[in-house]
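# Observations on the model geometry
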Amino acid sequence: SRDMTDDLLFTVADHVATITLNRPAKLNALTPDMAAALIAAVSECNTSDAVRCVVITGAGEKAFSAGSDITTLDGYATPWDFRNRDDYCDALRACRKPVVAAVNGYALGGGLETAMAADIRIASTNARFAAPEIKLGWIGGGGMAAGLTYSMGASNAALMLLTGDMIDAEQALAWGLVSEVVAPDALLARAQAIAATIASRAPIAAETAKLNLRAAHTMPWEKAIEYERDLQAICFATDDAKEGRAAFAEKRAPVFRRR
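Residues numbered from 1 in each chain as written. Predicted model: local features only at pLDDT ≥ 70, side-chain atom pairs only at ≥ 80, totals over all residues. Heavy atoms only, no water.

Right, let's get into the overall build of the protein chain. Each helix and strand in the protein chain was counted, giving 11 helices and 10 strands. The C-alpha radius of gyration computed for the protein chain amounts to 19 Å, which stays within 12% of the reference 18 Å derived for 259 residues, consistent with globular compactness. Along the first, second and third principal axes, the C-alpha atoms of the protein chain reach 60 × 40 × 40 Å. With 259 residues in all, the protein chain has 44% of them scored as buried. Excluding contacts between residues fewer than 6 apart, the proportion of contacts in the protein chain whose partners are at least 24 apart in sequence is 68%. (Helix = DSSP H or I, 4+ residues; strand = E, 2+ residues; numbered from the N terminus. Rg over C-alpha atoms; globule rule 2.2 N^0.38 Å. Buried < 20%, exposed > 50% of the residue type's maximum accessible area, 1.4 Å probe, protein only. Contact = heavy atoms within 4.5 Å.)

Now the structure itself:
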């Protein structure tokens, strides 16, 4: 984050944190230093009451991220070290606050996995998505198959994984990989607007909703519903829920405090 590298920018304003992958000359390819900075940024988001939603994007007009900087991949002493690396996709998935990805230009390999680690994806018309690892002799390792299959279905995921070829923003929208496609100059503002809306909602409810969405994907049906009810009970007992009920009764806007 701010303490670690200029290649990743982290700012907070009006309860929205913005994380910018900032190596535009290298298509925002991620280095181990950037992964460490992302881990630090997510840690701050998780512990700060000032952050209620997160936007992640890439600097410049060409790329969200081209994934791992391949020149750094030979720096691991053993395959086991590579296997146990600090992974930037794991880092973003560990964010407890809702995350909106604003995908401008290329989202390739680990860049695509990073976008899929977000909860909501918005793309610009010039966005391009690919899992190109197969062209180089390997496969993705940051959640590629799980993310693609979950978002677009088995056949579409297989088409991307096995060819390594790019799809454009319209195809990504049709397959469900992204929620909206907007003009490049409107992308960040749209992502920030979605984040601002989420940030205006009850923060604990938003965080439990994120847990609930993940549980809906990973838990058996009956257990997912049982867990949802547990989460609802926790939310219902918060001061913010009491405030929400009072505001409804008094016909005014609620003031939420993440309490």
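What follows picks up the thread again.
Here the focus is the sheet that holds strand β5 (residues 99-103). With mixed pairing, six strands are arranged side by side in an open sheet as β1-β2-β3-β5-β7-β10. Two strands bound the open sheet, and with one partner strand each, they are β1 (8-13) and β10 (180-182). For this sheet the average axis-to-axis angle between neighbouring strands, irrespective of direction, equals 20°. Of the strand pairs in this sheet, strand β2 (residues 16-21) and strand β3 (residues 53-58) are connected by six bridges, and their pairing is parallel. If you follow Thr-20 over to β3, its bridge partner there is Thr-57. Running at roughly 15° to β1, helix α1 (residues 32-47) makes contact with β1, β2 and β3 of the sheet. (Pairing = 2+ DSSP bridges. Axes fitted to C-alpha atoms, helices over the stretch in contact; angles between N-to-C directions.)

For the rest of this paragraph, the subject is the side chain of Thr-5. Structurally, the position occupied by Thr-5 is in the segment before β1. A distance of 3.0 Å separates the side chain of Thr-5 from the backbone nitrogen of Asp-7, its partner in a polar contact. (Polar contact = N/O pair within 3.5 Å; in protein donor to acceptor, adjacent residues only side chain to side chain.)

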